[in-house]
Amino acid sequence: MAFTPSARTLKRLINLWPPFLGAGIRVLHISDDFRQAEVMLKLGLSNRNYVGVHFGGSLYAMTDPFYMLLLMRSLGPDYVVWDKAGHIDYLQPGRGRVYARFTLDDATLATIRAATAHGDKYLPELTVDVVDEHGQVVAQVRKTLYVRRKPGKPASA
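Read on for a plain summary of the structure. (Residues numbered from 1 in each chain as written. Predicted model: local features only at pLDDT ≥ 70, side-chain atom pairs only at ≥ 80, totals over all residues. Heavy atoms only, no water.)

## Quick word on the environment of glutamine 92
1) Next: In this fold, glutamine 92 is placed in the loop between strand S3 (79-90) and strand S4 (97-103).
2) Next: On the accessibility criterion, glutamine 92 (33% relative accessible area) is partly exposed.
3) Next: In sequence terms glutamine 92 and aspartate 132 are 40 residues apart; their C-alpha atoms lie 10.0 Å from each other.
4) Next: Residue contacts for glutamine 92: discarding those within four places in its chain leaves Gln136, Val137 and Val138.
5) Next: Among the polar contacts listed, one links the side chain of glutamine 92 to the backbone oxygen of valine 137, at a separation of 3.1 Å. (Helix = DSSP H or I, 4+ residues; strand = E, 2+ residues; numbered from the N terminus. Buried < 20%, exposed > 50% of the residue type's maximum accessible area, 1.4 Å probe, protein only. Contact = heavy atoms within 4.5 Å. Polar contact = N/O pair within 3.5 Å; in protein donor to acceptor, adjacent residues only side chain to side chain.)

The following block contains the structure:
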């Protein structure tokens, strides 16, 4: 049986993960139902670029695993979920602390379940904004995920 940590334990484990720890990325919250997560990146020496603002790779890294993790836990063990692609648009320099809030709503999950009900793959595209402390969008990240119901598993509502 696979290890399936609670939201609280997963948050602690991710916050201790060396790539996030070294980059200054911190998970602030993962909801108990795995429908929401909030991540913060504080500007520091380890993640600033040549001109003194957030390094673009750190901005992308703070968003990388979360939609996949939330979908895996929200859909359950009858589904295969992978990151397929990611795209980031840098809209303005990131200074200070920046945040990303990930949310999965009922409509998104229903669409995914319907699209995969007969074993077909589905490639949902989910978007998250990286915002600064004033609510200004610093970057927008689009994640394409691969989702398929495992063979032999009945479709669930």
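## Some points on the packing of aromatic side chains
1) Next: Summed over all chains, the structure comprises 4 aromatic pairs.
2) Next: On the basis of an interplanar angle of 85 degrees and a centroid distance of 5.1 Å, the ring pair of tyrosine 67 and phenylalanine 102 is categorised as edge-to-face. Taken together, the residues tyrosine 67 in helix H4 (residues 66-75) and phenylalanine 102 in strand S4 connect sequence positions 35 residues apart. In this structure, tyrosine 67 and phenylalanine 102 share a single accessibility class: buried.
3) Next: Here the aromatic residues Trp17, Phe20, Phe66, Tyr67 and Phe102 are joined through ring pairs into a cluster of three or more. (Phe/Tyr/Trp six-rings, centres within 6.5 Å; stacked < 30°, edge-to-face > 60°.)

## What about unusual backbone geometry?
1) Next: A positive phi angle is found at phenylalanine 34, which is not glycine, with a value near 60 degrees.
2) Next: Its location among the elements puts phenylalanine 34 in the loop between strand S1 (25-30) and strand S2 (36-42).

## Section: the pattern of salt bridges
1) Next: On inspection of all chains with the given rule, the structure shows 6 salt bridges.
2) Next: Two residues, glutamate 38 and arginine 101, come together in a salt bridge whose shortest N-O distance is 3.0 Å. Linking glutamate 38 in strand S2 with arginine 101 in strand S4, this pair joins segments that are 63 residues apart in sequence.
3) Next: Owing to a relative accessible area of 19%, glutamate 38 belongs among the buried residues under this scheme.
4) Next: Here arginine 101 falls in the exposed class, since its relative accessible area comes to 52%.
5) Next: The partner of aspartate 64 in a salt bridge is lysine 143, and the shortest N-O contact between them spans 2.7 Å. In this pair, aspartate 64 is assigned in the loop between helix H3 (56-61) and H4 and lysine 143 in strand S7 (residues 137-149), connecting sequence segments 79 residues apart.
6) Next: Lysine 143 gets classed as buried once you look at its relative accessible area, which sits at 1%.
7) Next: Via salt bridges that share partners, Asp64, Asp83 and Lys143 belong to a single interconnected network. (Salt bridge = Lys/Arg side-chain N within 4 Å of Asp/Glu carboxyl O.)

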